[in-house]
Amino acid sequence: RLPHFPLNPIETLRPELDGTWNTFFRTSLAHHPRERFQTAADMTEAILELQQEWERQKERICRLEPEPRPDFGVTEPTEASTLRSRPRKIGFSEARTDLGLDDLWRPLKRAAADWKVLDETLVLDRRNRRVWERSGSAYPENVRQALARIEGMNRCRYGGIDSWRLPTVDELITLVEPPSGFEHFCAPPIFDPLQKRLWSSDRKSATAFWFVSLDMGFIGWLDNTGYAYSRGVAAA
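Okay, so let's go over this structure. Note that the coordinates shown come from a computational prediction; the quantities given were computed from them, not determined experimentally.

What counts and what doesn't
- In this numbering scheme, every chain counts its residues from 1 along its sequence in written order.
- Since the coordinates come from a predicted model, pLDDT governs what is reported: local features require at least 70, and pairs of side-chain atoms require 80 or more to be given and counted, while whole-chain, interface and lining totals use all residues.
- Where side-chain values are given, they derive from all heavy atoms of the structure, hydrogens and water being excluded.
- Going along the chain from the N terminus, every DSSP run of H or I of four or more residues is numbered as a helix, and every run of E of two or more is numbered as a strand.
- All accessible-area figures derive from a Shrake-Rupley calculation using a 1.4 Å probe, and residue coverage is judged against the displayed protein chains alone.
- The classification of residues rests on relative accessible area computed with a 1.4 Å probe and restricted to protein chains. Under 20% of the type maximum is buried, over 50% is exposed, and intermediate values are partly exposed.
- Each pair of strands is called paired provided DSSP finds at least two bridges between the two strands.
- Stacked, edge-to-face and tilted labels apply to pairs of Phe, Tyr and Trp rings (six-membered ring for Trp) whose centres lie within 6.5 Å, assigned for plane angles under 30 degrees, over 60, and everything in between, in that order.
- Every angle, taken between N-to-C directions, lies between 0 and 180 degrees, and every axis is a line fitted to C-alpha atoms, over only the stretch in contact when it is a helix.
- Here a helix's expected span is defined as the number of its residues, less one, multiplied by 1.5 Å.
- The directions considered for the arc are those from the helix axis to the C-beta atoms.
- We call two residues contacting when some pair of their heavy atoms lies within 4.5 Å.
- N or O atoms closer than or at 3.5 Å make up a polar contact, with two conditions inside protein: a donor-capable atom paired with an acceptor-capable one, and, for residues adjacent in sequence, both atoms drawn from side chains.

1. Some remarks on the overall build of the protein
Point 1. Broken down by element type, the protein carries five helices and seven strands.
Point 2. Carbon and sulfur atoms make up 55% of the accessible area of the protein, which totals about 14400 Å².

2. Focus on the pairing of strand β5 (residues 208–213)
Point 1. Of all the six residues making up β5, six are buried; the element is thus mostly covered by neighbouring parts of the structure.
Point 2. Residues A208, W210 and V212 line one face of β5 and the alternating positions F209, F211 and S213 line the opposite face, and both faces are buried.
Point 3. Bridge analysis of strand β4 (residues 197–205) against β5 gives five bridges, and the strand direction is antiparallel. Opposite R197, over in β5, you have S213 as the bridge partner.
Point 4. Connecting the antiparallel pair β4 and β5 is a turn made up of two residues.
Point 5. In terms of strand pairing, β5 meets strand β6 (residues 218–223) through six bridges, oriented antiparallel. Counted as the bridge partner of A208 is D223 from β6.
Point 6. In this structure, the hairpin formed by β5 and β6 is closed by a connection of four residues, where G217 is found at a positive phi of approximately 75°.

3. Some thoughts on the packing of aromatic side chains
Point 1. Inspection of every chain in the model, using the stated rule, returns ten aromatic pairs.
Point 2. Here the aromatic rings of F92 and W105 are separated by 5.1 Å at their centres, their planes lie at 25°, and the arrangement is stacked. On the criterion of sequence distance, the pair formed by F92 in helix α3 (residues 92–99) and W105 in the loop between α3 and β1 (115–117) is long-range, its members being 13 residues apart.
Point 3. F92 sits in the partly exposed class, given a relative accessible area of 47%.
Point 4. Ring centres 5.2 Å apart and planes at 90° place the aromatic pair W115 and F191 in the edge-to-face group. A residue pair is termed long-range when its members are at least 10 positions apart, and W115 in strand β1 and F191 in the loop between α5 (169–173) and β4 qualify at 76 residues. With respect to burial, W115 and F191 carry one shared label: buried.
Point 5. An aromatic cluster is present here, built from W21, F24, F25, F37 and W54 joined pairwise through their rings.

4. A short note on the sheet that holds β1
Point 1. Ordered in space as β1-β2-β3-β7, the four strands form an open sheet in which the pairing is antiparallel. Only two strands of the sheet have a single neighbouring strand rather than two, namely β1 and β7 (233–235). Along the sheet, successive strands turn relative to each other by an average axial angle of 25°, direction set aside.
Point 2. Here strand β3 (residues 130–133) runs beside β7; their pairing, made up of three bridges, is antiparallel. The partner of R130 across the bridge, within β7, is A235.

5. Re helix α4 (residues 143–155)
Point 1. Between its first and last C-alpha atoms α4 spans 18 Å; for 13 residues at 1.5 Å apiece the expected length is 18 Å, and the two agree.
Point 2. If you check which residues of α4 are buried, you get V143, A146, R149, I150 and M153. Down the axis, α4 shows its buried residues gathered within 125° of arc, on one side only. Residues R144 and R155 are exposed on α4 and point more than 90 degrees away from its buried face.
Point 3. In this fold, the buried residues of α4 make contact with β3, β4 and β5.
Point 4. Where α4 begins, the capping side chain belongs to N142, and its oxygen is found 3.2 Å from the backbone nitrogen of R144.
Point 5. Of the residues flanking the end of α4, it is R157, one or two places downstream, whose phi is positive at about 50°.

Below is the structure:
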């Protein structure tokens, strides 16, 4: 959320957070520079302390009330997918309207997915009839490297498939989970959590592509020489 002053207590927005977070946000967003963190090291130290407490809180909840694992039972596919699979050039001025984004460039809505883990390397979206890499690139890549990796997957028929490609923004949005409290923390992730910022096949311009941030839930753009992870997708 964009900040509004005076700041509301953080627990009014996220009940699972306690008052220790309020000091951090008030210091980070203070109007006068002298009241803010004076160095990046000071801010990093505060973030690490919050993260440690966050992990302890999650551990307590997961130990006392373990979450059930997701049900990956076989179900029939639903209606044919309407997700856009062809890449497009989407300029900055029309991107928010065209892609359906809010003021923070997050999806206003997302196509529902129905996940089934096929094996250690592949995940099936039964609803939208897509097969995804469960992991993706081991390191951030520029666009040229990402496309070369996808081409290599097709040459070796990775997972028995030779139609891998970079996903469109529309397809990547299905991977963005809505914000939640502790209800999913105890369940194992379906996808490798390392790849948080993924290239799309959609261009912003002749020299830039759109990407999707899975951990922050927003859409952004990077120059072709910028670095993000890649994850292949194919029609099921």
